[in-house]
Amino acid sequence: MIRTFDLNDKVILITGGYGFLGKAVTESLANHGGTVYVLGRDESKFKECFWESLNDGKIKFCKCDMAEVTEIAAAFKNIEKTEGKIDVLINNAFYSKGQSPETMTDEEWAYGLEGSLSSVFKGIREIIPYFKSNKGGKIINVSSMYGMVAPDFGVYQNHPNFLNPPNYGAAKAGVLQLTKYYASYLGKLNINVNAVTPGPFPSDEVKKNKDFVERLSEKTCLGRIGLPEDLAGAFVFLASRASDYVTGQNIVVDGGWTAK
């Protein structure tokens with residue numbers, strides 16, 4: 001039968017699901033029929049983000065701090081007990097410290113690697129037993145174009161607050177290799193592991209700086225920055241049966257930034 005984008009039978013977990021980009025991804029997954037659990041630390045932020053969508057019961061909250069392995073394990077266990085299975089894990093959350101390539105401390109460097117790379121590893125490791133039991137599953141990791149290419153520091157001229165720190169790019173490059181590693185290791189178990197790499201998706205606050213947005217737009221082939229809804233389709237595809245024969249891949253959604 002033709003593989004479709006229907007997610008009606010899927011239980012999907014997403015970390016960082018109430019962030020700027022996570023919100024659009026979460027809502028799109030739910031709109032395609034998925035039951036989506038947003039794993040996060042702050043239920044009040046979750047309710048504020050999804051207050052219009054809560055009554056249909058497709059988007060749910062599960063308390064989980066991705067910095068704590070015990071909370072990750074407990075969240076997965078509770079959701080599996082409630083739903084009877086887990087089909088998809090999206091590793092989207094990250095946390096970081098520090099900006100300067102010259103004065104970043106050892107502690108800031110390590111914290112950024114932990115928040116953008118080690119947290120992804122922990123999520124993958126903890127979900128494997130559930131996917132083994134389910135005889136399959138899908139893992140979607142979120143990287144960044146700065147895990148593929150170096151920042152163009154001319155874009156950040158006179159905008160030091162928007163500088164991409166070295167620990168972020170290094171960690172996101174690691175996410176891509178981790179994706180390939182686990183795709184190879186878990187393929188025999190019918191577990192797909194892929195990555196989505198966003199390009200320039202500045203937040204509403206960052207977009208107030210028109211000059212900076214114009215610089216970002218000029219770096220893309222399409223001549224514009226990304227909107228959250230531009231990103232969501234890649235996750236729907238990778239979560240659905242339409243991608244059953246896709247693993248170890250990186251879907252880049254960057255308006256052509258890395259093609260130049």
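Before reading further, recall that the structure is shown in the block above.
Quantities reported herein were computed from a predicted structural model and do not represent experimental measurements. (Residues numbered from 1 in each chain as written. Predicted model: local features only at pLDDT ≥ 70, side-chain atom pairs only at ≥ 80, totals over all residues. Heavy atoms only, no water.)

J.: Provide a residue-level description of the nonpolar core, including the pertinent values.
T.: Counting residues in each nonpolar core, the largest one holds 27 residues, and the members touching the most others are Leu 29, Ile 90, Ile 140, Val 196 and Phe 235. Every element with two or more residues in this core is listed here: strand 1 (11-15), helix 1 (20-31), strand 2 (35-40), helix 2 (43-50), strand 3 (59-63), strand 4 (88-91), strand 5 (137-142) and helix 7 (228-239). Tallying contributions element by element places helix 7 first for this core, with six residues. Once residues within four sequence positions are removed from consideration, Phe 235 is found in contact with Val 25, Leu 29, Ile 90, Ile 140, Val 142 and Val 196. (Core = buried A, V, L, I, M, F, W, Y, C linked by side-chain atoms within 4.5 Å. Buried < 20%, exposed > 50% of the residue type's maximum accessible area, 1.4 Å probe, protein only. Helix = DSSP H or I, 4+ residues; strand = E, 2+ residues; numbered from the N terminus. Contact = heavy atoms within 4.5 Å.)

J.: Residues and numbers for the environment of Val 252, please.
T.: Mapped onto the fold, Val 252 is located in strand 7 (residues 250-253). C-alpha separation for the pair Val 252 and Ala 93, spaced 159 residues apart in sequence, amounts to 18 Å. Ignoring any residue separated from it by four or fewer positions in sequence, one finds Val 252 in contact with Met 148, Thr 197 and Thr 258.

J.: Could you give an account of unusual backbone geometry, with specific residues and numbers?
T.: Note on backbone geometry: most residues besides glycine have negative phi, and most peptide bonds are trans. For Lys 135, which is not glycine, the phi dihedral falls at a positive 60 degrees. Tracing the backbone shows Lys 135 in the loop between helix 4 (106-133) and strand 5. Looking at Lys 135, the relative accessible area reads 67%, which means it is exposed. One non-glycine residue with positive phi stands out, namely Asn 190, at about 65 degrees.

Treat this as a map of the structure, not an account of what it does.
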